[in-house]
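# Breakdown of the fold
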Amino acid sequence: TAIALGWIASLSGRLRPELAALAFLSPYTWFYSRLLWDNTLLIPLSAITLAAYIAFTMTPRLWKLWLVALGCTSMAMTHLMSMPLILAIACHVVIFHRTWLVRRWGALLVLATTSLLIASPYLMRLVEDARGARAAISHGASQAVGPAHGYDWRGWAFPFLGGRVFSAYGLDYFFGDGWWTSDDAHRDALSGLIRVATVVSSLAIPFAWIGLALVVSRVCRASKPRDADFHLGLITIAALAFHWLLCGIGQISEHPHYYSGLWICYFYLIWTTLAALFDARTVGGVGRWVGPSVAGGYAISLAAVTGFLIISVHRNGGNRDIHYGATLANQIDVAKQLDLYAPDSPLQVDVRNYRLFPHALDELRDFYDLHGRPTEPRRSLRIRYLHDVGNDGWLTLEVN
């Protein structure tokens, strides 16, 4: 991701490279980079794919197009929420590079064939799933498939909150209500500071709106020759338009990971806003201090929240909420303790996340080959929370 942001900064004449570091202070970036999940791969994939495509647009080379094609193929196979960005790039290449592509139709055929071969198992599975869904509908099981019926306006508003993944807005999704509270002696003061930092960091949402307005204005006023910022802006606008239609029609409005497919687009908008504040002409000659002050305050707020969460998670062993749960180290420790007993030992699980997602513990035991041995003692085992009350995530294995 860092390489991609550096690449984009080197191509752009407006973006300030040092501001790219703000992306890595976000608590969402910290959380998603630690999550063992395919969805989070869309963050680096979207960034490197867009960087490679803008580089191709400015100086067409076949190796860059290969990187773009492999990136788009990987994103599509990871999650179809990446389709808005893929469609935006596809439309752009047809409009601006069709002559170059026609002249190299042989290389393009090889590239397309390779992408299809890589994706063929996935595409066949999609066809099978579509057939299964159609069969279920034909047998009167339509209630079990597809989105809920009825109109939901929130899907149309959802794309406009994409800046949240570069803020502390909505962290209760992972860490529950009152996540900013602390057990320190100065709890009230610390909690107050974290809440202030949360509000300041939430400026990322209007930053994205301002960035979109700036990008639209620049694209409309651009003259030839087109620079990298024109193409970055045009693709971002197109991708967000497709995303808006997808979320509105598909009634997508709940989970923040649905922004991962356009991660780079949302950060580009915030990046554009902050870079504009450093331009003295943008703010009446005072950009010399407005830009550093706003970016500095924003960076401090992100760092404060992310640092607080890191300490809180390690102190509390995670939490009992569905979107976070116990820390991985604690889960591995429990799996290792299970290995000390016979595999046919009766096991009772009183942990909500394991009940909802039993494969989590199973995968850890498979990964570390911790299934116990018949020669070990047979006991009644119970996985439970260490403390009967509270929301800390500490797990323990009870042996009887």
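Refer to the preceding data block for the structure.
The notes below deal with the structure included here. (Residues numbered from 1 in each chain as written. Predicted model: local features only at pLDDT ≥ 70, side-chain atom pairs only at ≥ 80, totals over all residues. Heavy atoms only, no water.)

This paragraph deals with the sheet that holds strand β1 (residues 347-349). Sheet architecture is open: three strands sit in the order β1-β2-β3, paired in mixed fashion. Both outer strands of the open sheet, β1 and β3 (395-399), are each paired with one neighbouring strand and no more. Strand-to-strand twist across the sheet, computed as the mean angle between neighbouring axes with direction ignored, equals 25°. Of the pairings in the sheet, the one linking β1 to strand β2 (residues 381-385) comprises three bridges and is parallel in character. Counted as the bridge partner of Q348 is R382 from β2. Contacting β1, β2 and β3, helix α14 (residues 328-338) crosses the sheet at an angle of about 15° to β3. (Pairing = 2+ DSSP bridges. Helix = DSSP H or I, 4+ residues; strand = E, 2+ residues; numbered from the N terminus. Axes fitted to C-alpha atoms, helices over the stretch in contact; angles between N-to-C directions. Contact = heavy atoms within 4.5 Å.)

Inspection of the secondary structure assignment puts D392 in the loop between β2 and β3. In this structure D392 comes out as buried when scored by relative accessible area, which is 13%. At 3.2 Å, the side chain of D392 forms a polar contact with the side chain of H387. Polar contacts involving the side chain of D392 include one to the main-chain amide nitrogen of W394, which spans 3.4 Å. When neighbours within four sequence positions are excluded, D392 is seen to be in contact with N316, G318, N319, R320, Y385 and H387. (Buried < 20%, exposed > 50% of the residue type's maximum accessible area, 1.4 Å probe, protein only. Polar contact = N/O pair within 3.5 Å; in protein donor to acceptor, adjacent residues only side chain to side chain.)

Glancing now at the state of the cysteines. Inspection of the entire model under this criterion finds zero disulfides. Summary of cysteine pairing: C72 is not part of a disulfide, and the nearest cysteine sulfur, belonging to C265, is at 11 Å. Note on C265: relative accessible area 0%, which makes it buried. (Disulfide = S-S within 2.5 Å.)

Under the criterion given, the structure shown has 10 salt bridges. The partner of D350 in a salt bridge is R382, and the shortest N-O contact between them spans 2.6 Å. Here D350, found in the loop between β1 and α15 (352-356), pairs with R382, found in strand β2; they are 32 residues apart in sequence, far enough to count as distant. The class of R382 is partly exposed, set by a relative accessible area of 28%. (Salt bridge = Lys/Arg side-chain N within 4 Å of Asp/Glu carboxyl O.)

So, on to the packing of helix α4 (residues 62-78) against helix α6 (residues 105-138). Each pair of packed helices can be described by the angle between their axes along with the distance between the axes. For the pair α4 and α6, the least separation of the axes is 10 Å and the interaxial angle reads 20°. In terms of orientation, α4 and α6 fall into the roughly parallel class. Taken as a pair, α4 and α6 cross one another with a handedness that is right-handed. The residues of α6 that touch α4, namely those facing L62, L65, W66, A69, L70, T73, A76 and M77, are A107, V110, L111, T114, S115, I118, A119 and Y122. Considering only residue class, the contact of α4 with α6 consists of 13 nonpolar, three polar and no charged. (Parallel < 35°, antiparallel > 145°, perpendicular 65-115°, else oblique. Left-handed = near helix turned anticlockwise from the far one by under 90°. Nonpolar A, V, L, I, M, F, W, Y, C, P; charged D, E, K, R; others polar.)

A separate point is a nonpolar patch on the surface. Nonpolar side chains collect at one region of the surface, where F160, L161, Y169, W209, W244, L245 and I249 lie side by side and expose about 700 Å² of accessible area between them. At three residues, helix α11 (residues 228-250) tops the list of elements feeding residues into the nonpolar patch. Position of F160 among the secondary structure elements: in the loop between α7 (154-157) and α8 (172-175). Residue F160 is classed as partly exposed on the basis of its relative accessible area of 43%. (Patch = residues over 30% accessible without salt bridge, like charges linked within 9 Å, V, L, I, M, F, W, Y side chains within 5 Å. Areas by Shrake-Rupley, 256 points an atom, 1.4 Å probe, with all protein chains shown as cover.)

This next bit is on the environment of R355. By the secondary structure assignment, R355 is in helix α15. A relative accessible area of 57% places R355 in the exposed class. Placed 299 residues apart in sequence, R355 and F56 show a C-alpha to C-alpha distance of 48 Å. Not counting chain neighbours up to four residues away, the residues in contact with R355 comprise V349 and D350. Here D350 takes part through its side chain, which lies 2.9 Å from a polar atom of the side chain of R355.

One can find W180 in the loop between α8 and α9 (187-201). The exposure class assigned to W180 is partly exposed, which follows from its relative accessible area of 23%. Along the sequence, W180 and R195 sit 15 residues apart, while their C-alpha atoms lie 6.7 Å from each other.

Let's shift gears to the packing of helix α1 (residues 2-11) against helix α3 (residues 42-58). Put simply, α1 and α3 touch, their axes get as near as 8 Å, and they point 30° apart. Taken as axis vectors, α1 and α3 run roughly parallel relative to one another. Regarding α1 and α3, the two cross each other, and that crossing is left-handed. Residues I3, A4, W7, I8 and L11 of α1 pack against A47, I48, A51, A52, I54 and A55 of α3. Of the residues that constitute the contact of α1 with α3, the class distribution is 11 nonpolar, no polar and no charged.

Looking now at the layout of surface pockets. Taken as a whole, the largest pocket encloses approximately 1,300 Å³ of empty space. The wall of the largest pocket is formed by 40 residues, among which L35, L36, Y324, Q331 and A360 lie closest to the centre. Those elements that place two or more of their residues in the lining of the largest pocket are α2 (27-33), α8, α13 (287-316), α14, α15 and α16 (359-368). With six residues, the single largest contributor to the lining of the largest pocket is α16. Looking at the lining of the largest pocket residue by residue, the classes come out as 25 nonpolar, 12 polar and three charged. (1 Å grid on protein atoms, 1.4 Å probe; cavity = no way out; pocket = protein on both sides within 12 Å on 5 of 7 lines; lining within 4 Å. Points joined across faces, edges and corners; volume = space filled by probe spheres on them.)

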